[in-house]
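Chain residues, written in single-letter form:
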Amino acid sequence: MKIITKPEELRNLTNSKLGMRKQNAVRLTDESTLTETRENMELLDQCRRYWDSLRDFRDRRLRNRRYHRGEQWSDLIEDPDTTTSTSRSFITEEDYILNQGKVPLKQNLIRKNIRNLIGQYLSNPSKTMVLSRIRDNAQVTEMLTNALQCALQNNNAKLLDIAEFRESTLSGACIQRIGYGYFRERNLEDVDIDNVNPARAFFNTDIEDPRHTDIRLIGEIIDTTVDDIVSTYAKSKADERTIRQWYAGIVSRDYLANYGLDSNKIDSLDFYNPTEPGKARMYEVWQLKGEWRTYAHDPADGSYKIVPYTLKEIGAQNTERVRLGTEQGIPEEEIPLIEAEEKFEQFWYCKMLTPYGHCLYEGETPYKHEGHPYVVNLQPMIDGEVWGLIEDMIDQQRYINRLIIQLDFIVSASAKGVLMVPEDVVPDGMRPSDFAKEWVKANGVIFYKPNPSHGKMPEQISS
């Protein structure tokens, strides 16, 4: 399950500069106010609009996946047999060919080429390393390299990279989530890397920067079990009861699953309703917010951080310091005073929401890079449009398939080994079927009496 880690774990990763920032673990036993629920529903509606605006991208990705899979006659065309001047009807190319009494032949060159590219990637193994611009940091870079390679090994990153490479050829969109998670099989908490299905992802679609620095909102649709949600967010039995009450309509039973190893659950994905029975829907939403913050530098301890005080309150603290210092005989100019200023700062804020507007967790980004946990690569991006490599190969694939079908039509309509036999040439007492069998038999012999009055002899036509 790709979810944000527990709040107490996130706080351990917080930058010291951001130490005063709040990390709010929602108290599930407290009922959310109507205003908070309304704000969460408005946020979900905004996410839904972004997700809907990616429909064309998902449709093109679906078409590319079908061509890669081998479903290369699934495009819709007008049905010439039922289309009239007043109404139009459509049919798949496969059904149209079947209606002609032919088999929709194809030769899948797309998957062959993609498999070749993946083989080239696997045949050139490499390891991720940390490099330092300072030569004296060799020992530190070696330690970081070992830590990084250990994290990649724990996540089996090679398989993840292969899957992302294949996804890049399908849609041009590679999205990974790098967070901090629990590895049950090793009973440890470490860096957690997950591939995000682009069909489940949403973000503001007005981006144009190839570095994706203009992303203001990003998140994903998550379908998981109620037990997983309880184990992650419930801190008490009361929290568990609250969560199970929110998902009261979900019956977590394996026998309710009606999807096998197919793509129906992704192709029929809905924003609000899970497609799999027994699964609970939740959303991870990261939004770029902004507000005025007070930065304070205290010469007494050398700290520089965000403080939860206004400039007026800091002025009062300085006045109190001056009073205490003068009472102890310290000259006023030697008393360390707090220097503060207000800045409008943008920050990433996370919410884990249910489809009903309930908040499972919320808090500011705990990461030292002060960003969201998603690594996004949309290439090529031209004027905000993204497409995969397979989309460039579809026309060539269709041309090859069309040549195969045309050749099949031509061959099936041409004469192939037809024997033209005048009826008066068939010997007396021999049926035409016997004559035909003897003609094609190896070392076959046909006895007949030549008659000058007979017409042409049998003629074999091969083309």
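To be clear, the structure that these remarks concern was listed above.
Residue positions are counted from 1 within each chain, in the order its sequence is given. With the structure being a predicted model, the display of local features is reserved for residues of pLDDT at least 70 and the display and counting of side-chain atom pairs for 80 or more, all residues being used for whole-chain, interface and lining totals. Computation of side-chain values covers all heavy atoms of the structure but excludes hydrogens and water.

J.: Mind showing me how you'd approach the environment of Trp439 here?
T.: Labels follow the DSSP assignment, with helices taken as runs of H or I lasting at least four residues and strands as runs of E lasting at least two, numbered in each case from the N terminus. Assignment of secondary structure puts Trp439 in helix α13 (residues 432–440). Judged by relative accessible area, Trp439 falls into the partly exposed class, the value being 33%. Taking C-alpha positions, Trp439 is 9.1 Å from Leu419, a pair spaced 20 residues apart along the chain. A contact between two residues is defined here by any heavy atoms of the two lying within 4.5 Å. Apart from residues no more than four positions distant in its own chain, Trp439 is found in contact with Leu419, Ile446, Pro458 and Gln460. Exposure classes here rest on a 1.4 Å probe applied to the protein chains alone. A residue is buried below 20% of its type maximum, exposed above 50%, and partly exposed in between.

J.: Would you explain the packing of helix α8 (residues 226–233) against helix α9 (residues 237–246) in this entry?
T.: Geometry of a packed helix pair, given as the angle between the helix axes and the separation of the axes. Each axis is a line fitted through C-alpha atoms, and for a helix only the stretch in contact is used; angles between axes span 0 to 180 degrees, taken between their N-to-C directions. At a closest axis distance of 10 Å, the pairing of α8 and α9 adopts a crossing angle of 145°. In the crossing of α8 with α9, the sense of the turn from one axis to the other is right-handed. Two secondary-structure elements touch here, α8 through Val226, Asp227, Ile229, Val230 and Tyr233 and α9 through Asp239, Glu240, Ile243 and Arg244. Taken together, the residues of the contact of α8 with α9 break down into five nonpolar, no polar and four charged. For a crossing to be left-handed, the near helix must be turned anticlockwise from the far one by less than a right angle; the clockwise case is right-handed. Under the scheme applied here, ten amino acids are nonpolar (Ala, Val, Leu, Ile, Met, Phe, Trp, Tyr, Cys and Pro), four are charged (Asp, Glu, Lys and Arg), and all others, including Gly, are polar.

J.: Which parts of the structure should I look at to understand the pairing of strand β3 (residues 173–183)?
T.: Two faces make up the sheet, and in a regular strand the side chains alternate between them. A large share of β3 lies buried, amounting to eight of its eleven residues. At least two bridges found by DSSP between two strands is the condition for calling them paired. By the bridge criterion, five bridges tie β3 to strand β11 (residues 374–378) in an arrangement that is antiparallel. By the bridge assignment, Ile175 is partnered in β11 with Val376. In this structure, β3 lies alongside strand β4 (residues 188–195), joined through eight bridges in antiparallel fashion. Paired with Gly179 across the bridge in β4 is Asp192. The hairpin turn running from β3 into β4, its antiparallel successor, is four residues long, and Asn187 in that turn takes a positive phi close to 55°.

J.: Is there a simple way to explain the packing of helix α3 (residues 55–69) against helix α12 (residues 389–413) in this structure?
T.: The contact between α3 and α12 brings their axes to 10 Å, and the two run at 50°. Put simply, α3 runs oblique to α12. Where α3 crosses over α12, the handedness of that crossing is left-handed. Only Ile390, Glu391, Ile394, Gln397 and Arg398 of α12 make contact with α3, whose side of the interface consists of Arg60, Arg63, Asn64, Tyr67 and His68. Classifying every residue of the contact of α3 with α12 gives three nonpolar, three polar and four charged. Note on angle classes: values under 35 degrees are labelled roughly parallel, values over 145 roughly antiparallel, values of 65 to 115 roughly perpendicular, and the remainder oblique.

J.: Any chance you could explain the environment of Tyr361 here in plain terms?
T.: Take Tyr361: it is sitting in strand β10 (residues 359–364). Overall, Tyr361 belongs to the buried group, its relative accessible area being 1%. Considered as a pair, Tyr361 and Tyr233 are 128 residues apart in the sequence and their alpha carbons are 7.5 Å apart.

J.: I tried to follow the layout of surface pockets on my own but got confused; where do I start?
T.: It is the rolling of a water-molecule-sized probe over the atoms that shows where space remains empty. Taken as a whole, the largest pocket encloses approximately 900 Å³ of empty space. Of the grid points, spaced at 1 Å and generated over the protein atoms alone, those admitting a 1.4 Å probe that cannot get out make up cavities, while open sets with protein on both sides within 12 Å along at least five of seven lines make up pockets; any residue with an atom within 4 Å of a point is treated as lining. In this structure, the largest pocket is lined by 32 residues; those nearest its centre are Arg61, Asn197, Arg200, Lys265 and Ile266. Secondary structure elements with two or more residues in the lining of the largest pocket: α3, α7 (157–171), β4, β6 (217–224) and α10 (264–267). Here the residues of the lining of the largest pocket are counted per class, giving nine nonpolar, six polar and 17 charged. Grid points are joined across faces, edges and corners, and a volume is the space filled by probe spheres set on the points.

Purely geometric stuff here, so don't read any function into it on its own.
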